[in-house]
Amino acid sequence: MKNYRIAAIPGDGIGSEVIAAGVEALNACAARDGFVIDFDHFDWGSERYKKTGAFMPANGLDLIRKHDAILFGSAGAPDVPDHITLWGLRLAICQPFDQYANVRPTRILPGISSPLRNVSGPELDWVIVRENSEGEYAGVGGRVHRGLPEEVATDVSMFTRAGVQRVMRFAFGLARSRPRKLLTVVTKSNAQRHAMVMWDEIAAEVAAEFPDVTWDKMLVDAMTMRMTLKPETIDTIVATNLHADILSDLAAAFAGSLGIAPTANLNPERTFPSMFEPIHGSAFDIMGKGIANPVGTFWSSVMMLEFLGETNAAARLMRAIERVTADKSLHTPDLGGKAKTTDVTRAVCEALAGDNG
Ligand code: ATP
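Conventions and cut-offs
Numbering of residues starts from 1 in every chain and runs along the sequence as written. Local features in this predicted model are restricted to residues whose pLDDT is 70 or higher, and side-chain atom pairs enter the listing and the counts only when it is 80 or higher, whereas totals over whole chains, interfaces and linings include all residues. Computation of side-chain values: all heavy atoms of the structure, hydrogens and water removed. A run of DSSP states H or I qualifies as a helix once it reaches four residues; a run of E qualifies as a strand once it reaches two. Both are numbered from the N-terminal end. Every radius of gyration here is taken over C-alpha atoms, with the globule rule written as 2.2 Å times N^0.38, N being the number of residues. The rule is simple: take the accessible area with a 1.4 Å probe, protein chains only, and divide by the maximum for that residue type; under 20% is buried, over 50% is exposed, in between is partly exposed. We count Lys and Arg on the positive side and Asp and Glu on the negative side, and we leave His and both chain ends out. All charge positions are set by atom: Lys at NZ, Arg at CZ, Asp at CG, Glu at CD. Residue ranges labeled as domains rest on an automatic or database domain assignment. We call two residues in contact whenever any of their non-hydrogen atoms come within 4.5 Å of each other. Buried area: the accessible area, evaluated with a 1.4 Å probe, that two parts lose upon being put together, summed over both parts. Basic side-chain nitrogens of Lys or Arg form a salt bridge, by our definition, when they fall within 4 Å of a carboxyl oxygen of Asp or Glu. Working convention: axes come from line fits to C-alpha atoms, limited for helices to the stretch in contact. Angles between N-to-C directions cover 0 to 180 degrees. Here roughly perpendicular refers to angles of 65 to 115 degrees, roughly parallel to angles under 35, roughly antiparallel to angles over 145, and oblique to all remaining angles. Think of it as three bins: nonpolar holds Ala, Val, Leu, Ile, Met, Phe, Trp, Tyr, Cys and Pro, charged holds Asp, Glu, Lys and Arg, and polar takes everything else, Gly as well. A helix is expected to span 1.5 Å multiplied by its residue count minus one. Throughout, the arc means the angular range of directions from the helix axis out to the C-beta atoms. By convention in these notes, a residue is near a molecule or strand provided one of its non-hydrogen atoms lies within 4 Å of it. For the purposes of these results, a polar contact is taken to be a pair of N or O atoms within 3.5 Å, where, inside protein, one atom must be able to donate a hydrogen and its partner to accept one; residues adjacent in sequence count only when each atom of the pair is a side-chain atom. For every accessible area listed, the method is Shrake-Rupley and the probe measures 1.4 Å; residues are considered covered only by the protein chains on display.

Draft legend 1. Examining the overall build of the chain more closely. Counting secondary structure elements, the chain contains 11 helices and 12 strands. At 20 Å, the chain has a C-alpha radius of gyration in line with the 21 Å of a compact globule built from 357 residues. On the principal axes, the C-alpha backbone points of the chain span a range of 55 × 50 × 40 Å. The buried share of the chain, taken over its 357 residues, is 54%. With 36 positive and 43 negative side-chain charges, the chain shows a separation of 2 Å between the mean positions of the two kinds.

As structure tokens, then:
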């Protein structure tokens, strides 16, 4: 029997509620499809930071380096500045584990309405690939003359040929694996005339390796209009760290709720574990109320199962999610319903158990 070791890091806020739900659903998948998942739980997050000055122990990466994957909740607390949390935990895992391809699928799930007029489902089926290791979030920059009138602060966007090439190859490959074989390369090379021009050039070079993929190029500002007005013309998208960060929040809003959206931080070469997480934050406003929507975590778990090669279990979990979202009595308050996290989780586990596909 196959056995996987997963590092579970709930993090802050509703992270512990949605990760508990995710662990329950994944265990139900394992029982249904005949494999075993051993979870190791890590209490890394803002509480630990406030007590000890560090989000995770100094040897934290070594503790999870050998795991098959990481299931992550969310990081962030109202009394800890966001940049401290992001660099102290999420990026402290993503960067050293070279999880350079951040994959964010967006679809309108059954039973959920999009705020976009005339979009009921099939018109919107996207996957955004976000460059996740450099670009605007490379961490290059600094501040001098702190607090003085002449203070200077810089954040330098840093793009490497190797970094752009690998994410382009990944995105073209992903576009090729989808029925429409259609990729949009998002850019801003009209205004950013160095790195973004190299980004475009490398896209064109890599495109030659994928003659069966149809691709086009779009300025990021125009892309927001196209996503809103012509969602059916889009399939796979590749964009820089910053651009994709923004576009994927827009995509999540179009899909009906931030609580649904999943993401995978992939190290495609599998040199290091990849990390799967809902895209929502800590949502302190609803913490402890039992109403966090666990669907983003379930969908992230589908991506994890796919990456592990458990394709039957992944498809079964996705079917269970869709069966549950189709039933409005199982919608949590973010979707306009009254259901609790536990109601949705129980329903997904029951749907899994009853799925003989
Ligand atoms: P962060 O800085 O940690 O990303 P944020 O405040 O920008 O946090 P979220 O924490 O994701 O963003 O919350 C944004 C809004 O979406 C909040 O009102 C929150 O309650 C809601 N929300 C986020 N995730 C969920 C979820 N899983 N279920 C229900 N509501 C959610």
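Draft legend 2. Spotlight on the domain arrangement of the chain. What the domain assignment lists for the chain is domain 1 (1–100 + 258–357) and domain 2 (113–254). Its C-alpha centre places domain 1 at a distance of 24 Å from the equivalent point of domain 2. With 12 residues of domain 1 in contact, the opposing surface of domain 2 contributes 13 residues. Looking only at domain 1, the three residues that lose the most surface to domain 2 are Trp87, Gln95 and Tyr100, adding up to 48% of its buried area. Asp98 serves as the salt-bridge partner of Arg166, at 2.9 Å between the closest nitrogen and oxygen.

Draft legend 3. Structural detail: the packing of helix H1 (residues 15–33) against helix H11 (residues 341–353). Closest axis-to-axis distance for the H1/H11 pair is 9 Å, and the angle between their directions is 10 degrees. Classified by the angle their axes make, H1 and H11 are roughly parallel. Every residue of H11 that contacts H1 at Glu17, Ala21, Glu24, Ala25, Ala28, Cys29 and Arg32 is listed here: Thr341, Thr345, Cys349, Leu352 and Ala353. Class assignment of the residues belonging to the contact of H1 with H11 gives a composition of 7 nonpolar, 2 polar and 3 charged.

Draft legend 4. Region of interest: helix H8 (residues 241–254). Relative to the 20 Å expected for 14 residues at 1.5 Å per residue, H8 spans 20 Å between its end C-alpha atoms, a close match to the ideal helical length. Three or more residues of H8 are buried, namely Asn241, His243, Ala244, Leu247, Ser248, Ala251, Ala252 and Phe254. The buried residues of H8 all sit within an arc of 160 degrees when viewed along its axis, so they share a single face. Just downstream of H8, Gly256 is the residue with a positive phi angle, here 115 degrees.

Draft legend 5. Here's a closer look at the environment of Ala31. Mapped onto the fold, Ala31 is located in helix H1. In this structure the C-alpha to C-alpha distance between Ala31 and Tyr4, which are 27 residues apart in sequence, comes to 13 Å.

Draft legend 6. View of the site of the ligand. Close contacts around the ligand come from 13 residues, with His280, Gly281, Ala283, Asp285 and Asn293 the closest. With respect to the ligand, the side chain of His280 contributes an N or O atom lying 3.4 Å from a nitrogen atom. Coverage of the ligand by the protein chains reaches 62% of its 610 Å² of free accessible surface. Classifying every residue of the shell around the ligand by side-chain character gives 6 nonpolar, 5 polar and 2 charged.

Draft legend 7. Up close: the pattern of salt bridges. Applying the stated criterion across every chain yields a total of 22 salt bridges. In this structure, Asp216 engages Arg226 in a salt bridge whose closest nitrogen and oxygen atoms are separated by 3.0 Å. Here Arg226 lies in helix H7 (residues 220–229) and Asp216 lies in strand S9 (residues 214–219), a separation of 10 residues in the sequence. Each of Asp33, Arg316, Arg319, Arg323 and Asp355 takes part in a single network of salt bridges with overlapping partners.

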